[in-house]
Amino acid sequence: MKVTIVGCGPAGVSAAIYVRRANIETTIIGTRDTALATAKKIENYYGFAEPISGMELFEAGLQQSKRLGCQVIIGEVISLFADDKFRVRTMDCEVYSDAIILAMGQQKKRLDIAGLAEFEGHGVSYCAICDAFFFRGKKVVVIGEGEYAIAEVKELAEVVGEVILLTNGFLPTADLVGISVITAKIKAIVGEDYVAGVVFVDGKNLAVDGVFVAVGVASCGDLARRLGVLVENNKIIVDEAGATNFPGVFAAGDCVNSLCQIATAVASGALAGISVAKYVRSIEVGNKNGTCKI
């Protein structure tokens, strides 16, 4: 049996340690672009007489997980699927497992573009795989500049009539070969009851039927929504065991906790790790008895 942890900050690594100590094959996938790794100095975490840099603590956590036998993949997660197994996809690989823990930290802030919030659910979407079907044969745009945005463009291109990437004034950070791109800064999303177009700061207008947002990297919430996991007020909804409403999907850390501290991230990671180990064991027993299947 296998478990994948999405996110290699304190919550993800803490979860991985408990899963691996339960003798379950464990893979951690994430980037070094975490709140912990970018912190200059940590001096409020138990056990350190002197301050430690966030990057030092981050790297120490990864080394601890590796020592215990966890596989660590440094890469950006761009998509998540649930078939017979869970599939976590990066630009370079796919990892299959029997359960997953989402621990990618606090969800990113929404873009400050007029009309974006107002048209959410009325032409504005944050999930291509969820909503591409509703835009069959239509013209849509994706707002973003990185690998996550490129993945959303490719997902949409299989279904919609035309898709254009809008970088909103930022330089692209991914390969844009074969993708139509507009780099102008966006002023507003416009329409009446439904999205009808994008207005740029330079005064130009682009008529579109839909707008997909994929800024930066995929957040826990972005990935959760793909599976129908409940998200409320930018937090993933979990029970007392760290389980979401989707069987086999757990969450931990700042994407769950209101108090975004290393101590609470580690605690919720430990809880989710213990819970997912119990879940995987129950599947294993059920499969041996021929009564349980995912």
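**Student:** So what's going on with the nonpolar core? Which residues, and what values?
**Tutor:** Core analysis: the biggest nonpolar cluster contains 36 residues, and Ile-100, Leu-102, Val-142, Leu-156 and Ile-236 have the highest contact counts within it. Put simply, the parts of the chain that give this core at least two residues each are β4 (77–82), β5 (86–90), β7 (99–102), β9 (139–143), α4 (147–157), β10 (162–166), α5 (220–227) and β18 (249–251). A total of 5 residues in this core trace back to one element, the largest contributor, which is α4. One finds Ala-37, Ile-262, Val-276 and Ile-283 within the second-largest nonpolar core, a separate group that totals 33 residues.

**Student:** Lay out the packing of aromatic side chains with the relevant residues and their values.
**Tutor:** Scanning all chains against the criterion turns up 5 aromatic pairs. The ring of Phe-81 carries Arg-87 above its face, with NZ or CZ at 4.5 Å from the centroid. Cation over ring: Arg-136 sits above Phe-133, and NZ or CZ is 4.0 Å from the ring centre.

**Student:** Quick rundown of the pairing of β9? Include the residues and the values.
**Tutor:** By the criterion of burial, β9 is predominantly enclosed, with 4 of the 5 residues buried. Pairing between β9 and β10: 5 bridges, direction parallel. Counterpart to Lys-139 in the pairing with β10 is Glu-162. When β9 meets strand β15 (residues 210–213), the two strands line up parallel, connected through 4 bridges.

Procedures and definitions
- Residues numbered from 1 in each chain as written.
- Predicted model: local features only at pLDDT ≥ 70, side-chain atom pairs only at ≥ 80, totals over all residues.
- Heavy atoms only, no water.
- Core = buried A, V, L, I, M, F, W, Y, C linked by side-chain atoms within 4.5 Å.
- Buried < 20%, exposed > 50% of the residue type's maximum accessible area, 1.4 Å probe, protein only.
- Helix = DSSP H or I, 4+ residues; strand = E, 2+ residues; numbered from the N terminus.
- Phe/Tyr/Trp six-rings, centres within 6.5 Å; stacked < 30°, edge-to-face > 60°.
- Lys NZ or Arg CZ within 6 Å of the ring centre and 35° of its normal.
- Pairing = 2+ DSSP bridges.

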